[in-house]
Amino acid sequence: MMTRFLASLVVSMLILAGCEQQPEWNGRDISGLMPPLEFGLTGEDGDPITEEAFADQVVALFFGYTHCPDVCPPTLSRLAQAIQQLPEEKRDDVQVLFVSVDPERDTPEHLKEYTDYFGDQITGVTGEIPQLRKLAKRYRTTFSHGQPDEDGNYTVSHGQAVYIFDRSGKVRLMARDEMSVDELASDLERLADS
Amino acid sequence: MNTLLEWLLPYTFSPGTVAFFVLAAGWYARGVRRLRAEGRAPSGWRQLSFWLGLLLCYAVLHTRFDYFGQYMFFMHRIQHLVLHHVGAFLIALANPLPAFRSGAPQRFTPDHPLVRALRPLALILQQPAVAALLFVGLVFFWLIPEIHFEAMLSHNRYMLMNWSMFLDGVLFWLLILDPRPPKQTEHMPGHGVRFAMLWATAFPQIILGAWITLGPAELYDVYSVCGRAWPMSPHTDQVLGGVFTWIPPGMMTVLASLLVLRMALRDSEAGSSATAQRRT
C-alpha cells in the first residue's frame, strides 16, 4: 500500500517536473548567483570602456592574458568557432569580452592584435590592477602573477570560467571546459533569441 | 605598515559582521563588569577563552584570511574548522550566557516580544537529536559538490554558509559544555546524552574527511574554475582540505569528551558527598 502510494507520488512528481521544465542548458545555469555585467576598464583603442558598449548583446566574459600558454587560446578559439556557427545575422549579437589581467604586457594595441586573430566578435579589455581586482572580485574569481624568470617571462594564474550574460546584462550561464563547440553555439543562440 | 593593514582589513567588507562582533564584544564586556560588581565575575581563564574564540572567528571571517578561504579549498576548510569546532568551542567554553544576560540592554527581559519569539526556536534547536543532526548535517550539506560550487559563486550563499556554521557551532558547544549540573533545568541533556551527541557527530565527519582525502579527484572543481590564491595542484589542495575536515574536528571531540567526563565525575562526587552529609 505504502509502496504503491510512494511510487505514484514519484511518478506524478516526474510528470510535473517534465511539464514545467525548459530544456536543459549545456552550460551550468548560474542565474541569480552573481551581479549583472558592470565594469569600467580600458578598451583596445586605449579609451575607457564600460558595459554600455555591449548593451543588448549576449556577452561571454573571460579572464586571461595573451601570453597564456594553455587555457586562453583554446577557450577563445572555441568561443570564436561557436559564434561562427550562428546564422550570419545573429553573430554580432554575441560578443566575447576577453579581460586581460596582465596589463603590464598586454597593451591595448597588443590586445587588439591578439583578439583580432581569433575573430571579429572578440574584444580585449584591460585596466589598472585595482580595476581588474574589482571586476575579478565581483565575479568571485582571482588572479596572481608568478615570479619572472631570467628573461623576464612570467606566468599568470587565473580562473578558467567563462561567464555568459544575456541581452539585459544578467548573468545566466557558466561555460564548462568539456562543452563542445556545438553545445556552446546552441546555448549562445538560445540566449541571443530570447 | 601597509602590508599589515592589508592583512587586517576584510577582503569583502560586511557591515553586518562588524555590527555582530561589536555587539557581542560590547555586551559581554559590560556583562562581565556588572557581574564583577556583584562579586560573581567569570574566572580569568573563561574570559580569556571567550575573547580568544571571538577573535579567531572574526579573523577568519573578516580579514585577509577570508580571501584565502574563498580561493583555496584547504583554507576554506580551516575557516570552517575555526568557525564550527575551535572558535565556537572556545566561546561556549567561556560559559558566556550569564555575562550576556547581564550585559544586554535592559529592555531584553524574558517578556520582550523578540525574546519570547525566539524561545520556541531555541527549545527546538536544543533538542539533543536536532542539535546533533544539525551540527554534522551542516558540514555535509555545504560539502555536497553542487551546493559547494554555488555557495562559492554567490556572495549571499557564501555568507549564509559561513554564518550558519558559526552560529550552529556556538549553539552545539553551548549545549555540550554547559557547566551547570544537568538537573537544574529541564531542557539540558545529561552528560551521557552529551557524550553520545559528541560521538554520533564525530564519526560521520571522520568518514567524510577521509573520503575527501582519499576519494575521487577534483570533487570541488570550483577552485579550479575560479582560480586559486596561489598555484597548488587541485589534488594537494583537496588532500589537505580533507585532512582538516577529518583530524582536528576529531581531536576537538576527544577534548570535549574529556571535559564532559570531568563534569560528570564532579557532579557525581558532589552528589555522593551530599548523600554522605545527609547520612551523618
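Everything quoted here is computed from the prediction, not taken from an experiment.

Asker: Requested: an account of the overall build of chain B, with residues and values cited.
Answerer: Along the backbone of chain B there are 13 helices and zero strands. Listed N to C, the secondary structure of chain B is α-α-α-α-α-α-α-α-α-α-α-α-α in terms of helices and strands. Here the C-alpha atoms of chain B give a radius of gyration of 20 Å, agreeing with the 19 Å that 2.2 N^0.38 yields for 280 residues. Overall, the C-alpha framework of chain B stretches about 70 × 40 × 35 Å when taken along its three principal axes. Out of the 280 residues in chain B, the part that is buried amounts to 46%. Treating the 21 positive side-chain charges of chain B as one cloud and the 14 negative ones as another, the clouds have centres 14 Å apart.

Asker: For the overall build of chain A, give the residues involved together with the corresponding values.
Answerer: For chain A, the count of helices and strands is five helices and ten strands. In chain A, which comprises 194 residues, the share counted as buried stands at 47%. Surface summary for chain A: the accessible area is close to 10200 Å², and the carbon and sulfur share equals 52%.

Asker: Go over the pairing of strand β6 (residues 122–125) of chain A with me, naming the residues and quoting the values.
Answerer: Residues and elements named next belong to chain A. Of the two faces of β6, the one holding Ile 122 and Gly 124 and the one holding Thr 123 and Val 125 are both buried throughout. Here strand β5 (residues 94–100) runs beside β6; their pairing, made up of four bridges, is parallel. Looking at the pairing, Phe 98 lines up with Gly 124 of β6.

Asker: Give me the lowdown on the interface of chain A and chain B, citing residues and values where you can.
Answerer: At the interface, 18 residues of chain A touch 20 residues of chain B. The junction of chain A with chain B conceals about 1600 Å² of combined surface from both sides, 49% of it contributed by carbon and sulfur atoms. Broken down residue by residue, the surface that chain A buries against chain B is led by Arg 28, Leu 33 and Arg 140 of chain A, which jointly contribute 47%. For the pair chain A and chain B, the number of links is one salt bridge. The salt bridge involving Arg 28 of chain A is made with Glu 146 of chain B; its shortest N-O contact spans 3.5 Å. Where chain A meets chain B, there are ten residue pairs in polar contact (both at pLDDT 80 or more). Of all the elements in the fold, those that place two or more residues in the side of chain A that touches chain B are β1 (28–29), α4 (129–138), β7 (143–145) and β8 (156–158) of chain A. Its residues placed into classes, the side of chain A that touches chain B shows six nonpolar, seven polar and five charged.

Asker: Any chance you could break down the packing of aromatic side chains for me, citing the residues and the numbers?
Answerer: Residue and element names in this part refer to chain B. Applying the stated criterion to the full structure yields 37 aromatic pairs over all chains. With centroids separated by 4.7 Å and ring planes inclined at 20°, the aromatic side chains of Phe 73 and Tyr 220 adopt a geometry described as stacked. Of this pair, Phe 73 sits in helix α5 (residues 73–93) while Tyr 220 sits in the loop between α11 (191–214) and α12 (222–226), placing them 147 residues apart in sequence. For the residue pair Phe 73 and Tyr 220, the accessibility class agrees, reading buried in each case.

Asker: I'd like to hear about the layout of surface pockets, residue by residue, with values.
Answerer: All names here are of chain B. As a volume, the largest pocket reaches approximately 2200 Å³. In terms of lining residues, the largest pocket is bounded by 49 residues, among which Leu 97, Arg 101, Ala 122, Leu 171 and Leu 174 are the most central. Going through the elements one at a time, α2 (15–37), α3 (44–62), α5, α6 (97–103), α7 (113–125), α8 (128–142) and α10 (155–177) are the ones with two or more residues in the lining of the largest pocket. Tallied by class, the residues present in the lining of the largest pocket amount to 36 nonpolar, eight polar and five charged. In this structure, the second largest pocket spans a volume of roughly 300 Å³.

Asker: Which residues make up a nonpolar patch on the surface, and what values go with them?
Answerer: Residues and elements named next belong to chain B. Among the surface-exposed residues, Phe 195, Val 254, Leu 258, Leu 261 and Leu 265 lie close enough to one another that they form a single nonpolar patch of about 440 Å² accessible area. At four residues, helix α13 (residues 234–279) tops the list of elements feeding residues into the nonpolar patch. Along the polypeptide, Val 254 turns up in helix α13. For Val 254, a relative accessible area of 40% corresponds to the partly exposed category.

Asker: Which residues make up empty space enclosed by the protein, and what values do they have?
Answerer: All names here are of chain B. Inspection of every chain in the model, using the stated rule, returns six cavities of 30 Å³ or more. Taken as a whole, the largest cavity spans an internal volume of roughly 90 Å³. Thr 12, Ser 14, Thr 17, Leu 61, His 62, Asp 66, Gln 70, His 155, Tyr 158, Met 159, Asn 162 and Trp 163 are the residues that line the largest cavity. Contributions of two or more residues to the lining of the largest cavity are made by α3, α4 (65–71) and α10. For the lining of the largest cavity, the element with the most residues is α10, which contributes five residues. The residue inventory of the lining of the largest cavity, partitioned by class, reads four nonpolar, seven polar and one charged.

Asker: Provide a residue-level description of the pattern of salt bridges, including the pertinent values.
Answerer: All names here are of chain A. For the structure shown, the criterion picks out 14 salt bridges over all chains. Between Asp 166 and Arg 172 there is a salt bridge whose closest N-O contact spans 3.0 Å. For Arg 172, a relative accessible area of 23% translates into the label partly exposed. Through salt bridges with shared partners, one network takes in Asp 56, Asp 93 and Arg 167.

Asker: If you had to explain the nonpolar core to someone new, which residues and values would you point to?
Answerer: In terms of nonpolar packing, the biggest core is built from 78 residues, with Val 99, Tyr 163 and Ile 164 of chain A together with Leu 153 of chain B touching the most fellow members. If sequence neighbours within four positions are ignored, Tyr 163 of chain A has contacts with Ile 30, Met 34, Val 59, Ala 60, Leu 61, Phe 63, Tyr 139, Thr 141, Leu 173 and Met 174 of chain A. Residues Ala 92, Phe 166, Leu 177 and Met 263 of chain B belong to the second largest nonpolar core, which totals 38 residues.

Asker: So what's going on with the confidence of the model for chain A? Residues and values would help.
Answerer: On average, residues of chain A score 89 in pLDDT, and 89% of them are at 70 or above. For chain A, the element scoring lowest by mean pLDDT is helix α1 (residues 2–20) of chain A, at 56; β5 of chain A scores highest, at 97.

Asker: Please give an account of unusual backbone geometry that cites residues and values.
Answerer: Phi is positive for Asp 56 of chain A, which is not a glycine, with a value near 60°. Its location among the elements puts Asp 56 of chain A in the loop between β3 (48–50) and β4 (58–64). Residue Asn 95 of chain B is not a glycine yet carries a positive backbone phi of 50°. For Asn 95 of chain B, the location among the structural elements is in the loop between α5 and α6. Exposure remark for Asn 95 of chain B: the relative accessible area of 25% places this residue in the partly exposed category.

Parameters at a glance
- Residues numbered from 1 in each chain as written.
- Chains lettered and ligands numbered in written order.
- Predicted model: local features only at pLDDT ≥ 70, side-chain atom pairs only at ≥ 80, totals over all residues.
- Heavy atoms only, no water.
- Helix = DSSP H or I, 4+ residues; strand = E, 2+ residues; numbered from the N terminus.
- Rg over C-alpha atoms; globule rule 2.2 N^0.38 Å.
- Buried < 20%, exposed > 50% of the residue type's maximum accessible area, 1.4 Å probe, protein only.
- Lys, Arg positive; Asp, Glu negative; His and termini not counted.
- Charge placed at Lys NZ, Arg CZ, Asp CG, Glu CD.
- Areas by Shrake-Rupley, 256 points an atom, 1.4 Å probe, with all protein chains shown as cover.
- Pairing = 2+ DSSP bridges.
- Contact = heavy atoms within 4.5 Å.
- Buried area = accessible area lost by both parts, 1.4 Å probe.
- Salt bridge = Lys/Arg side-chain N within 4 Å of Asp/Glu carboxyl O.
- Polar contact = N/O pair within 3.5 Å; in protein donor to acceptor, adjacent residues only side chain to side chain.
- Nonpolar A, V, L, I, M, F, W, Y, C, P; charged D, E, K, R; others polar.
- Phe/Tyr/Trp six-rings, centres within 6.5 Å; stacked < 30°, edge-to-face > 60°.
- 1 Å grid on protein atoms, 1.4 Å probe; cavity = no way out; pocket = protein on both sides within 12 Å on 5 of 7 lines; lining within 4 Å.
- Points joined across faces, edges and corners; volume = space filled by probe spheres on them.
- Patch = residues over 30% accessible without salt bridge, like charges linked within 9 Å, V, L, I, M, F, W, Y side chains within 5 Å.
- Core = buried A, V, L, I, M, F, W, Y, C linked by side-chain atoms within 4.5 Å.
- pLDDT = per-residue confidence, 0-100.

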